[in-house]
Amino acid sequence: MLANKIIAQHPVYTHLTEKDGLPDIEFYDIIEDNEGVIWLAADKGLFSYDGKKFKNFSHPQKRGLSVFGLKLDAKGRVWCNNISGQIFYLDNGKLLLFYDFQDKVNGQLAVFTFVDNNVVVSTETGVYEVDSKGLFEYKTLDENIRLLSSLPKKDSLLSFDEDKILVRAKNKKLKVKYDLKKYGEFNFNIWDVTTINNIDLIFAYNTKNLSATPKLYYGVDKKLKEVLLPKELVLNNGVIKFYSLDDKLWFCTKKGVFIYQFLDNKLHYEKTYFKGVPISRFLKDRNNNYWFTTLTDGVFIIPNLYIEKYSIEKDKENLMAISALGTDALMMGSIKGDLMILDKNTNEISHLIKKINNKLYAIVEGKNNMYLSFANGSLIYNKDSKQLTRDNFLYNAKDVTFLDENNLLYATHSTASAVNIRSRKKTELRATRTKVVYYSSKKEKYIGYTDGTEMYNQKNEAIQLKFNEQPVFANNITETTNNVVWVSTLKDGIIGFKRGEVVKHFSEKKRVII
């Protein structure tokens, strides 16, 4: 066998650009509302996305297009602001102007949050609090103090001045949470705070001096202790935003998203997504989709972090069959008969010596062997010796499954049959062109023929599966843990069966499971 390293390229993703109707390519923030609608703060304005189309929201008094700082209030309303000091919110499908801080922001983007139903805004001239109706404003902190974040569950605020991080609980005075005097030499103007496993993590950097090295700290006993930062988070001061999610730290940077575990007060690298792309924000939505906004390249969506794409040599990448090989490997075969084994732990792929120059149809795993069916022959791969031997008892099988340790059920162009792998004795169930076979946990054989699908009981008595009194034409068959056998069809969507009777149905037109 010849072996070479391959790299798990990336989880499979969708890339939304202007070609897909995306209204912009430069995005600053993203949020999901209580109805599952995605909201995007972009260079060209505020947009909603309901899964089908984008909609722009604006206001006649709005200065400029760009918006930032997306947030949801206690009523589920979406809020945003702009560089010129205007704060807006959505109500009944309209963007409304809440308050204008133009004379207080000095051309710098303000930070705002919600505390005790009021809006608290951090500006260049101080921190102000405005009542929920936008009628009463008062200055709560002076210009040396900046708002860091709010802690909604505790209804409190985090803020900092030149030498300390402060916390203000509801209706109480400011208290020092962390003393920053010893860090004054670094001249940080941003202290970004998140929490993981009840530990405060604070990322400090200087947006006005890119030569200032950023630092990461964790809080313990009202003191900050430094965490050693890897070089990818230090170079060019590239961190844009960081989050705690799924017990991991996610750093959105100018060079992609870097993910770490925080264990024993150290960062342990796990993965990088979208390497080289400036990621501004990310969001995990209610359906566990991961959204990544960028500053130059639109929006990326990962529907499942655990579905990864591997790169295989071009002349071998047209795979026809794949099967588990134990718990840590996969066996794969191409349309040209190339056979490969992927070690999922080492990302190493081994190429087996080609023995049949023809299309591989199916691979099935047995206790000691792998069984491979080609158009003009079949092979047996011994798991222990790692040797291939030719044995044509299973040639031309389009689909194969085990009935028990010694018997296989398989489909060919002309028949559906069972075969004993020791004696090679065959039992023909029906002499008809067959597409797919499946053996259920209830010991029922499901066979998809070209004229319909049948279920066989343990006595090999057949029942024709029907949907709306018509034959079911199967593309594939599988089973869920509730013992429902699912049949994917050409025209009728996905149909669930129990003991030959329809119990569930799902189709694109009828998005309902019955």
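None of these values were measured; they are calculated from a predicted model.

### Observations concerning the overall build of the protein
Working step 1: Scanning the protein from N- to C-terminus turns up one helix and 53 strands.
Working step 2: Here the protein holds 514 residues, and 49% of them are scored as buried.
Working step 3: Long-range contacts, defined here as pairs at least 24 residues apart, represent 36% of the contacts in the protein between residues at least 6 apart.
Working step 4: By element, 47% of the accessible surface of the protein is carried by carbon and sulfur atoms, the whole surface being about 27100 Å².

### Details of the sheet that holds strand β47 (residues 462-464)
The pairing of strands in a sheet comes from backbone hydrogen bonds and takes either a parallel or an antiparallel form.
Working step 1: With respect to topology, four strands assemble into an open sheet ordered β44-β45-β46-β47, the strand pairing being antiparallel. Either end of the sheet is taken by a strand with one partner, and the two such strands are β44 (434-439) and β47. Going from strand to strand, the sheet's axes swing by 20° on average, the running direction of each strand aside.
Working step 2: Relative to β47, strand β46 (residues 452-456) runs antiparallel, the two being bridged by three bridges. In the sheet register, Glu 454 faces β47, and the bridge partner there is Gln 464.

### Details of the sheet that holds strand β5 (residues 38-42)
Working step 1: Read from one edge to the other, the open sheet built from four strands follows the order β4-β5-β6-β7, with strand pairing classed as antiparallel. Looking at which strands have only one partner, the edges of the open sheet turn out to be β4 (27-32) and β7 (54-57). In this sheet, neighbouring strand axes are inclined to one another by 25° on average, regardless of whether the strands run parallel or antiparallel.
Working step 2: Sheet analysis places strand β6 (residues 45-49) next to β7, joined by four bridges and oriented antiparallel. The residue bridging Ser 48 from the neighbouring strand is Lys 55, located in β7.

### Re unusual backbone geometry
Working step 1: Positioned with a positive phi, Phe 274 is a non-glycine residue whose angle comes to about 55°.
Working step 2: Within the secondary structure, Phe 274 is located in the loop between β27 (266-273) and β28 (279-284).
Working step 3: Among the residues examined, Phe 274 registers a relative accessible area of 4% and is labelled buried.
Working step 4: For Asn 396, which is not glycine, the phi dihedral falls at a positive 65°.
Working step 5: Here Asn 396 shows up in the loop between β39 (388-390) and β40 (399-404).
Working step 6: Asn 396 sits in the buried class, given a relative accessible area of 16%.

### Side note on the pairing of strand β33 (residues 329-334)
Working step 1: The buried fraction of β33 amounts to five of the six residues, a majority that puts the element mostly inside the structure.
Working step 2: With six bridges connecting them, strand β32 (residues 319-325) and β33 associate as antiparallel partners. From the neighbouring strand, Ala 321 faces β33, where its bridge partner is Gly 333.
Working step 3: Taking the residues that link successive antiparallel strands as the turn, the β32-β33 hairpin has three residues, and the phi of Gly 326 there is positive, at about 70°.
Working step 4: In this sheet, strand β34 (residues 339-343) lies alongside β33 in antiparallel orientation, the contact comprising five bridges. Among the inter-strand pairings, Met 332 is bridged to a residue of β34, identified as Met 340.
Working step 5: Between β33 and β34, which follow one another and run antiparallel, lie four residues, and Gly 337 among them has a positive phi close to 90°.

Procedures and definitions
- Residues numbered from 1 in each chain as written.
- Predicted model: local features only at pLDDT ≥ 70, side-chain atom pairs only at ≥ 80, totals over all residues.
- Heavy atoms only, no water.
- Helix = DSSP H or I, 4+ residues; strand = E, 2+ residues; numbered from the N terminus.
- Buried < 20%, exposed > 50% of the residue type's maximum accessible area, 1.4 Å probe, protein only.
- Contact = heavy atoms within 4.5 Å.
- Areas by Shrake-Rupley, 256 points an atom, 1.4 Å probe, with all protein chains shown as cover.
- Pairing = 2+ DSSP bridges.
- Axes fitted to C-alpha atoms, helices over the stretch in contact; angles between N-to-C directions.

Taken by themselves, the reported measurements are silent on function.
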